[in-house]
Structures are given as structure tokens and as C-alpha cells.
Amino acid sequence: MELSEALYRCNKCGFCQASCPFYQLTREEWATARGRLRLVREALEGRLLPSDRYALRLYRCFMCGACSATCPSGVPIEEVLLKTREELALEGFIPSPLEELGSRVASTGNISGEDKSLRLSWAQNLDFPVRRNGKPDFVYFVGCVSSLYPQAYGLPQSMVYLLEKRGVNYSVLGEEEICCGYPLLINGQVELAREMARKNVAKVKETGAKVLITTCPSCYRMWKEVYPELLGEGNPLEVVHSSQWLAEAGLSLKPLEEKLTYHDPCDLGRGCGVYEEPRAFLRSIPGLSLAEMPLTRAEALCCGGGGNVESLEPTAGEEVAKMRLEQARLVGAKMVVTACPQCRRTLSKVARAVGLRVVDIVELGAKLLAD
């Protein structure tokens, strides 16, 4: 759909207002999809000149996709924002914190700016060596958050533990893995994202693997849907998210007598339509009671960790996380399970204050695996 056509399809109904986490924070019209679309239309028709202030309105967004999911006119709002950000990036209007993030990713290959030699730091305390060579059937694409943030190390440790226990012939790329390019894409730096995609695909092709598995929904979405579009070619291998693998792995699990709820990651749920597999795995746990929050599946509230907002406005995500956890508390859950390292990080920052625990579905599976 052309940008101009998408802008004129908005009928200003306001459905996006109720679903937008940024609007819940600001209560300002510009934060809604309706408001942002009007800004883009004004610029397109020459009544508003691009400026730093204009750009900030379009970058202060979690890119969660809730507005697109609830839009009765079917306006592809994420596509409009991505296209607009691409134009703003070319004109030099990326907000400075996000420009710094983009430069860091482009120069070091990761979001934290760490040396690539640290990409396997998460594997140092394992009781077994992580597989890196040979001819794997699976490549585990770990992602930046799980590779380089110590509070997230438990996720890749649990994933390789489960792969080992199931006898999967897998490998990781280690220091040869680079960012999937998602932060660059949503910055509007499309060519840099394309270069990341090209390098990652070439490296995985060298392994000869038939399946790529990832624990990060953003990496999954990039590999599954964005890479083929960026590179103009079909996927060279099957792309699987860890929650899908868990649903099919047939793990023997110990009972868990607890009431929990599941938080749908935006890129996995609304972005890729993966809703049932994680719930199927959770229901396979003996004794477990699964309670659904008021907003779930396509209507799920963002955790507050998306859209590069953490780099632009750090406190905004924490406020949204509090709203999401309040929904979990209202249904009587004692634990929130998600399937995303960034969701886990963001929700965990405020979980203790409301008496909740947050865990990734892979970590839960590893903990309950019956030897």
C-alpha cells in the first residue's frame, strides 16, 4: 500500500487511543496512531516541515502494533511509521540517543557496544561445552540481549540445556553472530539493517543447518518475515521460535502447582501470529493453572520494552510495565511467563514491587524438566 493511500484510510475513529501504551502515559493526541498519522499527512501535504520536534513525536513509540491490530479501517500503521522513519533518517532527523544506538550497532554488531569476543560470556558457567562446530541441524541464534546482558544469561543457558537433553544437533555462532538488525530497521536505517541481514544469512548458510531457532521474538520476526523482504530472496532455512519448539519437543515435565499468566510479546504475537504454541506448552505442565489477563493475544498490552524507547526515554517503559503487571495481579497470578528476553528484562524491573515473579518460558521448561 502506498503511504498516501494508507494515510487517507484513517477515519479518525479513535480505536487506537484505547490500545496505545504511549497514550496511556501521556494522554496527548499526538501519541495515538490517529495523531501520528495526521502529523505525517500534514508533512506529506507540505503544511508541516520536518523538524527535530516532529521526528521525536514519530520516534516516541513502542512499535508494539496494537494500533494496527485494533484499527477497523485496516491502516498498516507500523508500515507508515517505518517508512516515515526511513525518510527522517535520510534527512538527518533521528533523535541523538537513537542515532548513537544505530552507530553502536553498526560499528560493534550489538546493541550494548561490547567487543564481539564477549558474545559467549553467558556460556562460561555451564557444566557442558556449548557446541560451535561440526555440521549442525539447528543453529541457535542467541540475540544481543541474551548474549550481553548478565540478567538475561539464564535464557540461553536454559535453551542449550534443553537442546542437549533432547539430543539436538545444534550450534551457536558465538562471536561471529551479530545483531539481527531490528534496532536499525525501526530507526529507519534500512540499508544498515540490510547489511546486517546479509552478513547473518551468509554466516548461517556456511553451517549447512536446516533450522534456525531463536529465543528472541524480534530476531525471529527479522529472520522469518523481514530478511526475505530486505534481501529479495526466500529463507534459506526453517525459522522457529523457542516457544514453538517447546510445544513440539515432548518434554517430560515435573508438576508445578501454581497459578500463572502468559504475557504475549508484541513481535511474537501481533507481529508473527504465534499465540497458541506457548500456551499449549504451559498447559502441558502438570498441576499448572493458566489465567489469562484482560488484554491478551492480539489485544495484549506491550511490556514497555519495544521500539528503541528504552534508549530514548528510559522511564516510559517502566510505567507501561507497571500497567501490564497490574493486569497480571488482578487475575490472581503469582508468576508471569513470557517468551522474550526484553519483555522479561522490562517486566522484572518492577515485578518485585507488586509481588510477582517474571520468567521466560524456556527457563521454566528447563527448571521443570524431569531427568
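Above this note sits the structure.
Computed from a prediction, not measured in an experiment: that's the story for all the values here.

S.K.: So what's going on with the overall build of the chain? Residues and values would help.
M.R.: The helix and strand tally for the chain stands at 19 helices and eight strands. Taking 371 residues into account, the globule formula puts the C-alpha radius of gyration at 21 Å, and the chain, at 20 Å, falls close to it. With the principal axes as the frame, the chain shows a C-alpha extent of 65 × 45 × 30 Å. Put simply, the chain has 371 residues, and 57% of those count as buried. Of the contacts made within the chain by residues no fewer than 6 positions apart, 76% connect residues no fewer than 24 positions apart. A total accessible area of about 15800 Å² is found for the chain, and carbon and sulfur atoms account for 49% of it.

S.K.: Describe empty space enclosed by the protein, listing the residues and the values that go with them.
M.R.: Applying the stated criterion across every chain yields a total of seven cavities of 30 Å³ or more. Reported here for the largest cavity is a volume of approximately 130 Å³. Taken together, 18 residues form the lining of the largest cavity, with Cys20, Pro21, Cys61, Cys64 and Cys67 sitting closest to its centre. Broken down by secondary-structure element, the contributors of at least two residues to the lining of the largest cavity are helix H3 (21-26), helix H4 (33-44), helix H6 (66-70) and helix H7 (77-90). At three residues, the largest contribution of residues to the lining of the largest cavity is made by H7. Split by residue class, the lining of the largest cavity holds 13 nonpolar, three polar and two charged. Considering only enclosed or pocket space, the second largest cavity measures out at about 100 Å³ in volume. As for the second largest cavity, its lining consists of 15 residues, of which Cys10, Cys13, Gly14, Cys16 and Cys71 are closest to the centre. Among the elements of the structure, helix H2 (15-19) and H4 are those that each provide at least two residues to the lining of the second largest cavity. Split by residue class, the lining of the second largest cavity holds ten nonpolar, three polar and two charged.

S.K.: Account for unusual backbone geometry, with residues named and values stated.
M.R.: Here the phi dihedral of arginine 27 falls at roughly 55°; this positive angle occurs in a residue that is not glycine. If you trace the backbone, arginine 27 turns up in the loop between H3 and H4. Positive phi, close to 65°, is recorded for asparagine 308, a residue that is not glycine. Position of asparagine 308 among the secondary structure elements: in the loop between strand E6 (289-291) and helix H16 (309-312). Residue asparagine 308 is classed as buried on the basis of its relative accessible area of 12%.

S.K.: Lay out the sheet that holds strand E8 (residues 357-360) with the relevant residues and their values.
M.R.: One open sheet holds the four strands; their spatial order is E6-E5-E7-E8, and the pairing between them is parallel. Only two strands of the sheet have a single partner each, and these edge strands are E6 and E8. Taking the axes of each pair of neighbouring strands and ignoring which way they run, one obtains an average angle of 35° across the sheet. Bridge count for strand E7 (residues 335-338) against E8 is four bridges, and the pairing is parallel.

S.K.: Lay out the side chain of threonine 84 with the relevant residues and their values.
M.R.: Assignment of secondary structure puts threonine 84 in helix H7. Among the residues examined, threonine 84 registers a relative accessible area of 4% and is labelled buried. When neighbours within four sequence positions are excluded, threonine 84 is seen to be in contact with Leu3, Val40, Tyr54 and Leu58.

S.K.: Describe helix H8 (residues 96-108), naming the residues involved and giving the relevant values.
M.R.: With 13 residues, H8 should reach 18 Å at 1.5 Å per residue; the first-to-last C-alpha distance of 18 Å fits that figure. Among the residues making up H8, those that are buried are Leu98, Leu101, Gly102 and Val105. Taken down its axis, H8 places every buried residue within 95° of arc, on the same side. Relative to its buried face, H8 has exposed residues pointing more than 90 degrees away, namely Glu100 and Ser107.

S.K.: Let's hear about the sheet that holds strand E2 (residues 170-172): which residues, and what values?
M.R.: Strand order in the open sheet formed by four strands is E2-E1-E3-E4, with parallel pairing between adjacent strands. Since the sheet does not close on itself, it has two edges, and those belong to E2 and strand E4 (238-241), each with one partner. Here the average twist between neighbouring strands, direction ignored, is 30°. Pairing between strand E3 (residues 211-214) and E4: four bridges, direction parallel. Counted as the bridge partner of leucine 212 is valine 239 from E4.

S.K.: Which residues make up the environment of lysine 259, and what values go with them?
M.R.: With respect to the helices and strands, lysine 259 occurs in strand E5 (residues 259-262). Residues within four places of lysine 259 in sequence aside, it is in contact with Ser289, Ala291, Val331, Gly332, Ala333, Lys334 and Met335. From its side chain, lysine 259 meets the backbone oxygen of valine 331 in a polar contact 2.9 Å long.

Rules behind the numbers
Residues numbered from 1 in each chain as written. Predicted model: local features only at pLDDT ≥ 70, side-chain atom pairs only at ≥ 80, totals over all residues. Heavy atoms only, no water. Helix = DSSP H or I, 4+ residues; strand = E, 2+ residues; numbered from the N terminus. Rg over C-alpha atoms; globule rule 2.2 N^0.38 Å. Buried < 20%, exposed > 50% of the residue type's maximum accessible area, 1.4 Å probe, protein only. Contact = heavy atoms within 4.5 Å. Areas by Shrake-Rupley, 256 points an atom, 1.4 Å probe, with all protein chains shown as cover. 1 Å grid on protein atoms, 1.4 Å probe; cavity = no way out; pocket = protein on both sides within 12 Å on 5 of 7 lines; lining within 4 Å. Points joined across faces, edges and corners; volume = space filled by probe spheres on them. Nonpolar A, V, L, I, M, F, W, Y, C, P; charged D, E, K, R; others polar. Pairing = 2+ DSSP bridges. Axes fitted to C-alpha atoms, helices over the stretch in contact; angles between N-to-C directions. Expected span 1.5 Å × (residues − 1). Arc of directions from axis to C-beta. Polar contact = N/O pair within 3.5 Å; in protein donor to acceptor, adjacent residues only side chain to side chain.

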